[in-house]
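If you want the building blocks of each chain, they are given just below.
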Amino acid sequence: MNDYITGITAGGAAWTPVFVQDINQTRCIGCGRCFKVCPRDVFDLVDRSDVLSEDDIDDYDDLEEDNAQVMRIAHGNDCIGCSACSRVCPKNCFTHAPLPLAA
Ligand code: SF4
Ligand code: SF4
């Protein structure tokens with residue numbers, strides 16, 4: 001028995017959606033690829049200083065210093081779990097997870 005919400009392809013095969021959980025904003029370069037590809041308008045481009053503190057910024061050696069904007073999850077409940085955002089992200093920023101079936 002499958003413990004997660006599943007869908008069905010046009011050909012009748014089962015697949016398991018993986019819903020967006022997090023964006024690593026210390027790696028994000030604000031390129032907008034995920035924003036463009038998302039069919040559900042889940043994302044929003046924001047100033048990095050609005051989502052990361054100066055201490056956070058100082059703590060991360062791999063932060064993209066010349067980028068002032070990062071992506072955030074604005075409407076996570078609208079995600080359909082297609083994982084297109086992960087496929088286009090050049091910095092591997094995304095974390096996804098399947099949705100457990102209700103008990
Ligand atoms: S998994 Fe699909 S619907 Fe969800 S945020 Fe990514 S692109 Fe949008
Ligand atoms: S595709 Fe990746 S690097 Fe580009 S804005 Fe989205 S999360 Fe950031």
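Residues numbered from 1 in each chain as written. Chains lettered and ligands numbered in written order. Predicted model: local features only at pLDDT ≥ 70, side-chain atom pairs only at ≥ 80, totals over all residues. Heavy atoms only, no water.

Moving on: the site of ligand 2. Taken together, 14 residues lie around ligand 2, and Cys28, Cys31, Gly32, Cys34 and Cys89 are the ones closest in. Here the shell around ligand 2 is composed, by residue class, of 10 nonpolar, 2 polar and 2 charged. (Near = heavy atom within 4 Å. Nonpolar A, V, L, I, M, F, W, Y, C, P; charged D, E, K, R; others polar.)

In this fold, arginine 48 is placed in helix H2 (residues 48-51). Each C-alpha atom, one on arginine 48 and one on cysteine 28, is 9.5 Å from the other, the two residues being 20 residues apart in sequence. (Helix = DSSP H or I, 4+ residues; strand = E, 2+ residues; numbered from the N terminus.)

Further remarks concern the side chain of threonine 26. Its place among the elements puts threonine 26 in the loop between strand E3 (19-23) and helix H1 (33-37). Overall, the relative accessible area of 7% leaves threonine 26 in the buried class. At 2.5 Å, the side chain of threonine 26 and the side chain of asparagine 24 are in polar contact. (Buried < 20%, exposed > 50% of the residue type's maximum accessible area, 1.4 Å probe, protein only. Polar contact = N/O pair within 3.5 Å; in protein donor to acceptor, adjacent residues only side chain to side chain.)

Note on placement: proline 17 falls in the loop between strand E2 (14-15) and E3. The exposure class of proline 17 is buried, given its relative accessible area of 7%. In the structure, proline 17 is positioned 80 residues away from alanine 97 in sequence and 8.0 Å away in space, judged by C-alpha atoms. Filtering out sequence-adjacent residues up to four positions away, proline 17 remains in contact with Ile5, Thr6, Gly7, Ile80, Gly81, Ala97, Pro98 and Leu99. (Contact = heavy atoms within 4.5 Å.)

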